[in-house]
Amino acid sequence: GQQVMQIPQYQHVQEGEDFTTYCNSSTTLSNIQWYKQRPGGHPVFLIQLVKSGEVKKQKRLTFQFGEAKKNSSLHITATQTTDVGTYFCAQVSNRDDKIIFGKGTRLHILP
Amino acid sequence: DAGVIQSPRHEVTEMGQEVTLRCKPISGHNSLFWYRQTMMRGLELLIYFNNNVPIDDSGMPEDRFSAKMPNASFSTLKIQPSEPRDSAVYFCASSLGQNTDTQYFGPGTRLTVL
């Protein structure tokens with residue numbers, strides 16, 4: 001069945017440094033979604049990627065969908081303390097239209 | 001819009017007791033999801049409804065768990081009898097159309113079973 005691998009599991013960065021999390025799938029995806037969960041909060045939708053090779057930006061966040069539609073990345077430029085939280089990818093497989101969340105990458109910012 | 005509403009926000013109960021979690025999805029949304037989140041297992045989909053009908057309940061851990069959606073604006077997740085390993089945060093989410101659309105999560109119910 002479909003497997004979602006999200007790496008790294010944890011990341012500590014100094015404030016101002018960049019951060020990247022990766023999401024990989026064992027199957028070709030129809031689309032991928034990214035969510036952010038602040039500590040003590042609930043997952044909040046950030047963006048959806050649909051097209052092969054798609055790149056979308058939201059201020060300091062850059063989202064990319066791989067050419068083969070099997071992987072995706074989220075890059076944050078010059079992290080700020082407000083970026084603290086867990087970033088989840090949610091994959092939708094071509095095969096069975098099920099949405100599966102990755103285990104998330106927990107980002108901690110050192111002041 | 002009020003967003004997805006869940007109650008209670010916190011629940012502490014003793015092993016063996018029945019627990020009922022409640023969810024009101026966003027008005028007009030056709031799909032509703034129940035998730036369980038723990039440190040060990042992450043975010044797990046328990047069950048998903050579309051137009052009030054359970055479509056996929058393969059994530060429901062065992063017979064102690066049951067979920068209902070009697071109408072478009074209300075769903076319950078029941079655990080009977082509860083066990084300490086059921087302690088987790090339970091999220092309800094809704095989406096406009098199919099299960100592959102953007103999901104809007106409620107604030108969650110933090111359940112502690114002693």
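Here we summarise the structure given alongside this text. Note that the structure is predicted; figures quoted are calculated from it, not measured.

1. Topic: the state of the cysteines
For the structure shown, the criterion picks out two disulfides over all chains. The disulfide partner of C23 of chain A is C89 of chain A, and the S-S distance across this bridge is 1.9 Å. Here the disulfide of C23 of chain A and C89 of chain A is right-handed, its torsion about the S-S bond being about 65°. Of this pair, C23 of chain A sits in strand β3 (residues 19-25) while C89 of chain A sits in strand β9 (residues 85-93), and the two are 66 residues apart along the sequence. Put simply, C23 of chain B and C92 of chain B are joined by a disulfide, and their sulfur atoms are 1.9 Å apart. Classification of the bridge connecting C23 of chain B and C92 of chain B rests on its S-S torsion, roughly -65°, and on that basis the disulfide is left-handed. Of the two residues, C23 of chain B sits in strand β3 (residues 19-24) while C92 of chain B sits in strand β9 (residues 88-95), which places them 69 residues apart along the sequence. Like C23 of chain B, the residue C92 of chain B is buried in the burial classification.

2. Quick notes on the interface of chain A and chain B
In this complex, chain A contributes 18 residues to the contact, which on the side of chain B involves 17 residues. Joining chain A to chain B, the criterion identifies zero salt bridges. At the boundary of chain A and chain B, one finds three residue pairs in polar contact (both at pLDDT 80 or more). Breaking the side of chain A that touches chain B down by element, the ones donating at least two residues are β4 (29-37), β5 (44-49), β9 and β10 (99-101) of chain A. The greatest single-element share of the side of chain A that touches chain B, amounting to four residues, is contributed by β4 of chain A. Split by residue class, the side of chain A that touches chain B holds eight nonpolar, six polar and four charged.

3. Quick look at the sheet that holds strand β8 (residues 71-76) of chain A
Residue and element names in this part refer to chain A. As summarised here, the arrangement of the five strands in space is β1-β3-β8-β7-β6, forming an open sheet in which the pairing is antiparallel. On the outer flanks of this sheet lie β1 (4-7) and β6 (55-58), each paired with one strand and no other. Within this sheet the neighbouring strands show an average axis-to-axis angle of 15°, counted without direction. Here six bridges tie β3 to β8, and the two strands are oriented antiparallel to one another.

4. Structural notes on the packing of aromatic side chains
By the definition in use, this model includes eleven aromatic pairs over all chains. Seen in terms of ring centroids, F33 of chain B and Y35 of chain B are 6.3 Å apart; in terms of plane orientation they differ by 25°. Their pairing is stacked. Given a relative accessible area of 0%, F33 of chain B falls into the buried group. Since its relative accessible area comes to 1%, Y35 of chain B is described here as buried. Every member of this aromatic cluster is reached through a ring pair, and the members are Y35, F45, F88 and F101 of chain A together with F33, Y35, Y48, F91 and F105 of chain B.

5. Some remarks on a nonpolar patch on the surface
All names here are of chain A. A cluster of nonpolar side chains, contributed by M5, I7 and Y22, occupies part of the molecular surface with about 290 Å² of accessible area. Of note, Y22 is situated in strand β3. Y22 gets classed as partly exposed once you look at its relative accessible area, which sits at 41%.

6. Considerations on the environment of I26 of chain B
All names here are of chain B. Following the sequence through the fold, I26 ends up in the loop between β3 and β4 (31-38). I26 gets classed as buried once you look at its relative accessible area, which sits at 10%. Sequence separation between I26 and G97 is 71 residues; the distance between their C-alpha atoms is 12 Å.

7. Concerning the nonpolar core
Judged by nonpolar contacts, the single largest core of 21 residues is most densely connected at L32, W34, F49, M60, A67, L77 and Y90 of chain B. Of all elements in the fold, only β3, β4, β5 (42-50), β7 (65-71), β8 (74-79), β9 and β11 (109-113) of chain B reach the threshold of two or more residues within this core. Dropping the residues within four chain positions of it, A67 of chain B is found in contact with W34, I47, F49, M60, T76 and L77 of chain B. Counting residues in each nonpolar core, the second largest holds 18 residues, with V13, C23, W34 and F63 of chain A among its members.

Rules of the game
Within any chain, residue numbers begin from 1 and follow the written order of that chain's sequence. All chains are assigned letters beginning with A, and all ligands numbers beginning with 1, in the order in which they are written. It should be noted that, the model being predicted, local features are given only for residues of pLDDT at least 70 and side-chain atom pairs only at 80 or more, the latter also being counted only at that level, while totals for whole chains, interfaces and linings use all residues. Excluded from the side-chain calculations are hydrogens and water; all other atoms, namely the structure's heavy atoms, are used. Sulfur atoms of two cysteines make up a disulfide when they are within 2.5 Å. Numbering of helices and strands runs from the N terminus, with a helix taken as a DSSP run of H or I at least four residues long and a strand as a DSSP run of E at least two residues long. The rule is simple: take the accessible area with a 1.4 Å probe, protein chains only, and divide by the maximum for that residue type; under 20% is buried, over 50% is exposed, in between is partly exposed. Note on contacts: a residue pair is in contact if any heavy atoms of the two residues lie within 4.5 Å. Any carboxyl oxygen of Asp or Glu within 4 Å of a side-chain nitrogen of Lys or Arg constitutes a salt bridge here. Identification of polar contacts relies on pairs of N or O atoms within 3.5 Å, with a donor-acceptor requirement for protein atoms, meaning one able to donate a hydrogen and the other able to accept it, and with residues adjacent in sequence counted only if both atoms are side-chain atoms. Asp, Glu, Lys and Arg are counted as charged, while Ala, Val, Leu, Ile, Met, Phe, Trp, Tyr, Cys and Pro are counted as nonpolar; the rest, among them Gly, fall into the polar class. Should DSSP find at least two bridges between two strands, the strands are regarded as paired. The axes used here are C-alpha line fits, helices contributing only the stretch in contact, and every angle between their N-to-C directions lies in the interval 0 to 180 degrees. Centre distance within 6.5 Å is the pairing criterion for rings of Phe, Tyr and Trp, where only the six-membered ring of Trp is used; planes under 30 degrees apart are then read as stacked, over 60 as edge-to-face, and the remainder as tilted. Residues with no salt bridge and a relative accessible area higher than 30% make up the patches, which join like charges within 9 Å and nonpolar side chains (Val, Leu, Ile, Met, Phe, Trp, Tyr) within 5 Å. Note on areas: these come from Shrake-Rupley sampling with a 1.4 Å probe, and a residue is covered only by the protein chains present in the view. The nonpolar core is taken to be a set of buried Ala, Val, Leu, Ile, Met, Phe, Trp, Tyr and Cys residues, with the residues joined through side-chain atoms within 4.5 Å.

Taken by themselves, the reported measurements are silent on function.
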